Amino acid sequence: SGNYTLSLAGAPTTTADITAGTSAPEIANNAPTGVVATAVWMNGNLTSTGGAPTTVWVFWGASAGGTNFTSWANTNDMGSRATGTLTTNVTGLTPGATYYYTFYATNSAGHAWATPATNFTTAKLTPSFSGLTASQSTNYGATNVTLGGTLSAAGPYYPTNGEPVTITINGNVQ
């Protein structure tokens, strides 16, 4: 870009302001980090702004929406960005669920999707239980007992239909 003078033999001298052309941005998805039961850091890289101010979004959800804005369940607007690493923290995710994400960038010359979408699965929570009593126990034996009473989940973990639940008792049972 700049002001240039063009002079050709036998032709009048001309001065022109020449601006370098812009192009669509270039963007990529990077592997997620910090994946836990209810949160993740979604990462990407804006490799080129195409020489123009560039706005970036990350689209994410429980299914990949391809390059269709309305096919994604969620959008995080990351604003105008320079080239470099992109990262956004997403919380409130469901434990043990698979999610997909992709970055999108746009400028005055065009747009770009980071394809294919990246996926990850959040960690399952470890269950903890309370309220198990032996007040209605039967079948006492030398090494086992059948427990009766109420088993209630403590915390945000709830077994899904048909998911086995194992209870381990550490120590002496009296």
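Shown above is the structure to which this text applies.
Residues numbered from 1 in each chain as written. Predicted model: local features only at pLDDT ≥ 70, side-chain atom pairs only at ≥ 80, totals over all residues. Heavy atoms only, no water.

### Quick word on the nonpolar core
Within soluble globular proteins, side chains that are nonpolar generally end up buried alongside one another.
1) Next: Among the nonpolar cores identified, the biggest contains 19 residues, and I27, M42, V56 and F103 are the most heavily contacted of them.
2) Next: Those elements that provide at least two residues to this core are β4 (39-48), β5 (54-61), β7 (84-91) and β8 (98-107).
3) Next: Top element by residues in this core is β8. It accounts for 4 residues.
4) Next: Among all residues touching I27, those that are not within four sequence positions of it are N45, L46, T47, V56, L86, F103, Y104, A105, A112, W113 and A114. (Core = buried A, V, L, I, M, F, W, Y, C linked by side-chain atoms within 4.5 Å. Buried < 20%, exposed > 50% of the residue type's maximum accessible area, 1.4 Å probe, protein only. Helix = DSSP H or I, 4+ residues; strand = E, 2+ residues; numbered from the N terminus. Contact = heavy atoms within 4.5 Å.)

### Points about unusual backbone geometry
1) Next: Residues T115 and P116 are joined by a peptide bond in cis, for which omega reads -5°.
2) Next: In this structure, P116 sits in the loop between β9 (110-113) and β10 (118-121).

### Describing the sheet that holds β4
1) Next: With respect to topology, 3 strands assemble into an open sheet ordered β3-β4-β7, the strand pairing being antiparallel. Edge positions in the sheet fall to β3 (26-33) and β7, since each has one partner strand and no second. With direction set aside, neighbouring strand axes in the sheet form an average angle of 25°.
2) Next: Bridge analysis of β3 against β4 gives 6 bridges, and the strand direction is antiparallel. Note on β4: the bridge partner recorded for N30 is N43. (Pairing = 2+ DSSP bridges. Axes fitted to C-alpha atoms, helices over the stretch in contact; angles between N-to-C directions.)

### Some details on the environment of H111
1) Next: Secondary-structure assignment places H111 in strand β9.
2) Next: For H111, a relative accessible area of 48% corresponds to the partly exposed category.
3) Next: Each C-alpha atom, one on H111 and one on E26, is 8.1 Å from the other, the two residues being 85 residues apart in sequence.
4) Next: Other than its neighbours up to four places away in sequence, H111 contacts A24, P25, Y104, A105 and T106.

### Some points on the packing of aromatic side chains
1) Next: According to the stated counting rule, one finds 11 aromatic pairs in the structure shown.
2) Next: Between Y101 and F120, the ring centres sit 6.2 Å apart and the planes meet at 55°, which makes this aromatic pair tilted. Pair noted here: Y101 is in strand β8 and F120 is in strand β10, with a separation of 19 residues, a long-range link. For the pair formed by Y101 and F120, the shared burial category is buried.
3) Next: A ring pair is formed by Y104 and W113, whose centres lie 4.7 Å apart and whose planes are at 55°; its orientation type is tilted. Each member of the pair, Y104 as well as W113, is classed as buried.
4) Next: Site record: aromatic cluster; members linked through ring pairs are W57, F59, F69, Y104 and W113. (Phe/Tyr/Trp six-rings, centres within 6.5 Å; stacked < 30°, edge-to-face > 60°.)

### Structural notes on the pairing of β4
1) Next: Linkage of β3 to β4, two consecutive antiparallel strands, is achieved through a turn of 5 residues, within which G34 is found at a positive phi near 60°.
2) Next: In this structure, β4 lies alongside β7, joined through 8 bridges in antiparallel fashion. If you follow A39 over to β7, its bridge partner there is T91.

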